[in-house]
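Architecture at a glance
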Amino acid sequence: MVAKKGGSKGMGAAEDAEEELARTPLQAIILADSFTTKFRPITLERPKVLLPLVNAPMIDYTLAWLESAGVEEVFVFCCAHSKQVIDYLDKSNWFGQPNFSVTTIESHNAISAGDALRLIYEQHVIRGDFILVSGDTVSNMSLSQALKEHKERRRKDSNAVMTMVIKQSKASPVTRQSRLGTEELFMVIDPETKQLLYYEDRGDNLKGYLSLDKALLTDNTSISLQNDKQDCYIDICSPEVLSLFTDNFDYQHLRRDFVKGLLVDDIMGYKIYTHEIHSSYAARIDNYRSYHTISKDIIQRWTYPLVPDVQFFGNSATKLERQGMYRAPDIKQSRSSKIGPFTVIGSGTSIGNNTEISNSVVGECCSIGSNVTIEGCYIWHNVTIEDGCKLKHSIVCDGVTMKSGAALEPGVVLSFKVVIGRNFLVPAYSKVSLHQQPIRQDSDEELEYADNSSGITESPSVSGTLDLLNEEERTELPDSQAYEVGDGGVGFIWLVSEAGQEEEWRHSVAPIPVDKLVAIMQISNDEADLPNEDGAFLPPSGELGPDSITNDSNEDAEDIRDDSVIFEREVEATFQRAVEEDVTDDHVILEVNSLRLSYNMASADCAGALFSSVMKLALDAPHDSPNELYKNVVSTVRKWKKLLKYYLPSIDEEIEVILKFEEMCLESAREYSPLFVQILHHLYDQDIIQEEAILDWASEKEGAEESDKVFVKQSEKFIQWLKEASEEEDED
């Protein structure tokens, strides 16, 4: 009886402890220091987390998401530029919010994420499971399901210390980079438990193949090797993570050291799991390309409710108009100026006569003159752009002045308060700053999820930034021309080493140049012809081709269908980016050709996928009647005619386009059904579809079921007219 009573008491204590743990507020740690070389020279003067992202600082997006996700206590760790971060938060509305506490933790000695987490552990502020992110994270995901899975695993296995959030994002088959500019990521995951077993980005795998430990195969009944996932850098951690960093001082980076260290540690047995999101958004800004990509995603509302027309702390709401255009109510815009789609214009900005702005973000209180062209740019606050300037795919920071006639080639970054002189052309991928270029660069070993691709060997303290750079650390410029930026200009052009040029165009906001893509494809083709160590020929990525796997014929057919669907989606995404960023036809052709090779598709598949993409674009354009929809088709086909014709070398491909059009009219785009004949006639008039293809298509349908001859019957008069015209030509 006594033992029974004691057992009951013990169980009650356990339940009380569990209830007490459940009452613990959900906590988060934000690593706010992001002084990375990939953002130099901008971050010499300001921490990356305070840089504008569609007119609100990056850290505001992170805080707004954490608040909406139910986090109650946030600890913001600051080191480099800590005063700026703390001052900003002090002046913001984040402090003093009900049920949402924001506390800053300051350090001047930490140089890595490991140092930061060790210091937080010493302060004993984390009382349970917590969310770990950097201050440049943008997300709208709900944490409830991921937290539930994490807690359930913890109850069953105390060694389950971390859950990483991932999502699907296949890297480009040409550049092997994700759309965020990060390297292709390889992960091995247990398909049943979702445990992470292997983690490697392509930066560590330059040989083109992976080397997996045999124990992965012997210790696990099944594994899934994946290279189509994106690491969202959102981690749900148990308190043991902090103690692990304290016990292992060689843990500096969260991925390179901590994650990989746990994956190979057989003694302690700690485990990391994954949680994949599908409909939610999550991404981190690691370089200029990810800054550009996430900005476009925000404008296109993938991050809702964190969008320009919904106000949250730190931003000024703008009005959403047609075609993804946002304008603040108090801007001054000339009647002759043109604002294109997917463009944001901030409060207090003025725009002069005959100025054209497209696919760009313009901040607050900017003055833009007349006859200015701005395409694919990010203009921050209080910028002055005088008459006749031309800007393309560039970043212009606060307080910059561009004098009349100045121009920026793609990939340029103008740092704070730079002045570009009259009629001066800033070369592509240049960085211009008021400060001379330091000889030694700060390492990426600082407070964020850094990668190991910078090639920088020194690791000075983060506090050794701009204000502590001495004369010995500054570049001795060879002559005055190295830093002059035109008549009346003020600023230094930072030189890029030959080794760093590839990283510049890979990580730029500008589209990758066509000649670079051609060179990459040529290298890939050369590597494909090289045998591996066993003398066997493999593709550059080391993947097994279809012929190397023997499956049941039904499984093969299913794989082919899956590949066709994925291929079509990839082509559609490529085409959509081309539309948004005004990419040339040649650039699109290179991308589609690379996809074609990657998925082993034919020219007819490319033709059908591109035609479907073009027609969806016309369908998405505003229209109130079938007549307006037809006009959309006419204008869209006219613009992309060259691209469509490229993939129609023969009658077979043209027939494939007609069949694809039929499929769309019956399934995904039924609004086209009553316009089938008109559009087919227009394609004929534009020499996209020849009469032979139309007649062959009609002939093939003669033996089909009646349900499959709907559009042939609609086209009877047109087909008869084509037959008569063909007979007359034969008689002549």
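Nothing here was measured: the structure is a model prediction, and the numbers come from that model.

Another point: the nonpolar core. Of all hydrophobic cores here, the largest spans 65 residues; its most connected members are V74, V76, I131 and I395. Here this core takes seven residues from helix α3 (residues 58-68), the largest share from any one element. Both domains that meet at this core, namely domain 1 (2-158 + 231-248 + 282-292) and domain 2 (316-433), each give it at least three residues. Not counting residues within four places of it along the chain, the set of residues in contact with I131 comprises L26, Q27, A28, I29, V71, L143, L147, I234, D235 and I236. Listed in part, the 55 residues of the second largest apolar core include Y599, L643, Y684 and L722.

As a further point, take α3. Across the eleven residues of α3, nine count as buried, placing the element largely inside the fold. By the burial criterion, the buried members of α3 are M58, I59, D60, Y61, T62, L63, A64, W65 and L66. Positive phi appears at G70, one or two residues downstream of α3, with a value of about 95°.

This part is about the sheet that holds strand β9 (residues 224-226). Taken in spatial order, the three strands of this open sheet run β8-β7-β9, and their pairing is antiparallel. Of all the strands in the sheet, just β8 (196-201) and β9 have a single pairing partner and so form its edges. Along the sheet, successive strands turn relative to each other by an average axial angle of 10°, direction set aside.

Attention now moves to unusual backbone geometry. Here the amide bond leading from Y304 into P305 is cis, since omega sits at 10°, within 30 degrees of zero. Checked against the element boundaries, P305 lands in the loop between α10 (288-299) and β13 (319-321). In this model, Y233 sits at a positive phi of 55°, which is unusual for a non-glycine residue. Along the chain, Y233 turns up in strand β10 (residues 229-237).

Here we come to the side chain of T401. Relative to the elements of secondary structure, T401 occurs in strand β27 (residues 401-402). Beyond its immediate sequence surroundings of up to four residues, T401 is in contact with T384, V418, V419 and I420.

Attention now moves to the packing of aromatic side chains. Inspection of the entire model under this criterion finds 18 aromatic pairs. Ring geometry for F39 versus Y288: centroids 4.9 Å apart, planes at 50°, classification tilted. With a gap of 249 residues between them, F39 in the loop between β1 (27-31) and α2 (42-45) and Y288 in helix α10 connect regions that are remote in the sequence. Like Y288, F39 is buried. Arranged with centres 4.8 Å apart and planes meeting at 20°, the rings of F245 and F258 form a pair that is stacked.

Strand β2 (residues 73-78) sits mainly inside the fold: six of its six residues count as buried. Covered by surrounding structure in β2 are E73, F75 and F77 together with V74, V76 and C78, the residues of both alternating faces. Sheet analysis places β2 next to strand β3 (residues 101-106), joined by six bridges and oriented parallel. Residue pairing across strands places V76 opposite T104, the latter belonging to β3. Handedness of the β-α-β unit built from β2, helix α4 (residues 82-91) and β3 comes out right-handed.

What follows covers the side chain of K48. Here K48 lies in the loop between α2 and α3. Residue classification places K48 among the buried positions, given a relative accessible area of 0%. Within the structure, the side chain of K48 is placed 2.7 Å from the backbone oxygen of I285, a separation counted as a polar contact.

Cut-offs applied
- Residues numbered from 1 in each chain as written.
- Predicted model: local features only at pLDDT ≥ 70, side-chain atom pairs only at ≥ 80, totals over all residues.
- Heavy atoms only, no water.
- Core = buried A, V, L, I, M, F, W, Y, C linked by side-chain atoms within 4.5 Å.
- Buried < 20%, exposed > 50% of the residue type's maximum accessible area, 1.4 Å probe, protein only.
- Helix = DSSP H or I, 4+ residues; strand = E, 2+ residues; numbered from the N terminus.
- Domains from an automatic or database assignment.
- Contact = heavy atoms within 4.5 Å.
- Pairing = 2+ DSSP bridges.
- Axes fitted to C-alpha atoms, helices over the stretch in contact; angles between N-to-C directions.
- Phe/Tyr/Trp six-rings, centres within 6.5 Å; stacked < 30°, edge-to-face > 60°.
- Right-handed = clockwise from strand over helix to strand, strands pointing away.
- Polar contact = N/O pair within 3.5 Å; in protein donor to acceptor, adjacent residues only side chain to side chain.

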